[in-house]
Amino acid sequence: MHVKQFLFYTAGASPALLYARNQLAEWGFEVSQEPSPEVTHVLLPVPSLDDTGNIRGGTSLEALLQKLPENVTVYGGNLGAAPCNCVDFLKDEYYLAENAAITAHCALHVAMNHISGTFKGAKVLIIGWGRIGKCLAALIKNIGAETTVAVRKKNQCAILSALGYHSVLTPEIKPHDYQIIFNTVPSPVLCAADAAPDTLLIDLASKQGITGDGVIWARGLPGKEAPAASGALIAKTALRYAFGKESTI
């Protein structure tokens, strides 16, 4: 049974967006095959625009809007000053938190594909205590790694200690002490040459924070490694805004 009050349309291309489209249909929402004056909500990839300013995998946003009603709502990410009624998921705290959790799981999967042993007893450093850093630290600690978190402020060390983590101030990092280093900070914090040759270096930041050779720069992991989870999050967030409340689906 379709939920008649909404007609969704997905524009652009990404594996996560395809899953979002299928998820909406599975939940009983009507999804249009073409842009039309009857469409109420448009879902774009997250992030939405490529380097040319066009929708990723699609046309320009302006060209798309000409085929849609003036009051259509556009959902996406990093939309800038889009000429429409739009919602930027990358400014939504709930979306960002859940996306960070997915990213952390993906980062763990990437790391496990590049080590010959296990995380149990491994000395792991996570640089940054933001959303991704918090989620990743919890995962790594729970599978038995000796987990250290690098932070900028000394007062953050107290809460890290209370939570069972080791801590270090970012300027005092000794890269040779760790077998695996994850970075979540989008600015230069570490040079790969300072780490041991066999240290696994994984950078999760939008702008690379570990400079040099031999670094795995793992940007956009949810869409690449877990498109089904990423797509479900896009669909759920769209419904939360469409209904004007937190979705319970």
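Below is a summary of the structure that appears in this document. (Residues numbered from 1 in each chain as written. Predicted model: local features only at pLDDT ≥ 70, side-chain atom pairs only at ≥ 80, totals over all residues. Heavy atoms only, no water.)

Some thoughts on the overall build of the chain
Working step 1: Each helix and strand in the chain was counted, giving seven helices and 13 strands.
Working step 2: By its C-alpha atoms, the chain is 60 × 35 × 35 Å across when sized along the principal axes.
Working step 3: A buried classification covers 49% of the 249 residues belonging to the chain.
Working step 4: Once local pairs closer than 6 in sequence are excluded, the contacts in the chain between residues at least 24 apart make up 54%.
Working step 5: Of the roughly 12600 Å² that the chain leaves accessible, carbon and sulfur atoms contribute 52%. (Helix = DSSP H or I, 4+ residues; strand = E, 2+ residues; numbered from the N terminus. Buried < 20%, exposed > 50% of the residue type's maximum accessible area, 1.4 Å probe, protein only. Contact = heavy atoms within 4.5 Å. Areas by Shrake-Rupley, 256 points an atom, 1.4 Å probe, with all protein chains shown as cover.)

Describing the nonpolar core
Working step 1: If you look at the biggest cluster of nonpolar residues, it comprises 52 residues, and the most contacted ones within it are Phe-8, Leu-43, Phe-119, Val-124, Ile-140 and Phe-182.
Working step 2: In terms of residues, this core owes the most to one element, helix H3 (residues 93-112), which gives nine residues.
Working step 3: With residues near it in sequence (within four places) discarded, Phe-8 still touches Leu-24, Phe-29, Glu-30, Val-31, Ser-32, His-41, Leu-43, Tyr-75 and Leu-239.
Working step 4: Leu-44, Leu-65, Leu-68 and Leu-79 belong to the second-largest nonpolar core, a separate cluster that totals 15 residues. (Core = buried A, V, L, I, M, F, W, Y, C linked by side-chain atoms within 4.5 Å.)

Concerning H3
Working step 1: Under the 1.5 Å per step criterion, the end-to-end length of H3 is 29 Å for 20 residues, consistent within 8% with the ideal 28 Å.
Working step 2: Those residues of H3 that fall on the buried side of the exposure criterion are Tyr-95, Leu-96, Asn-99, Ala-100, Ile-102, Thr-103, Ala-104, Cys-106, Ala-107, Leu-108, Val-110 and Ala-111.
Working step 3: Where H3 begins, one side-chain oxygen reaches toward the backbone nitrogen of Tyr-94, 3.2 Å away; that side chain belongs to Asp-92. (Expected span 1.5 Å × (residues − 1). Polar contact = N/O pair within 3.5 Å; in protein donor to acceptor, adjacent residues only side chain to side chain.)

As for helix H1 (residues 15-26)
Working step 1: Between the first and last C-alpha of H1 there are 17 Å, a value that for 12 residues agrees with the 16 Å anticipated at 1.5 Å per step.
Working step 2: Along H1, the positions that sit buried rather than exposed are Ala-16, Leu-17, Ala-20, Arg-21, Gln-23 and Leu-24. Angularly, the buried residues of H1 cover 165° about the axis, an arc narrow enough to put them on a single face. More than 90 degrees from the buried face of H1, the exposed residues found are Leu-18 and Glu-26.
Working step 3: With its phi angle positive at about 95°, Gly-28 sits one or two positions after the end of H1. (Arc of directions from axis to C-beta.)

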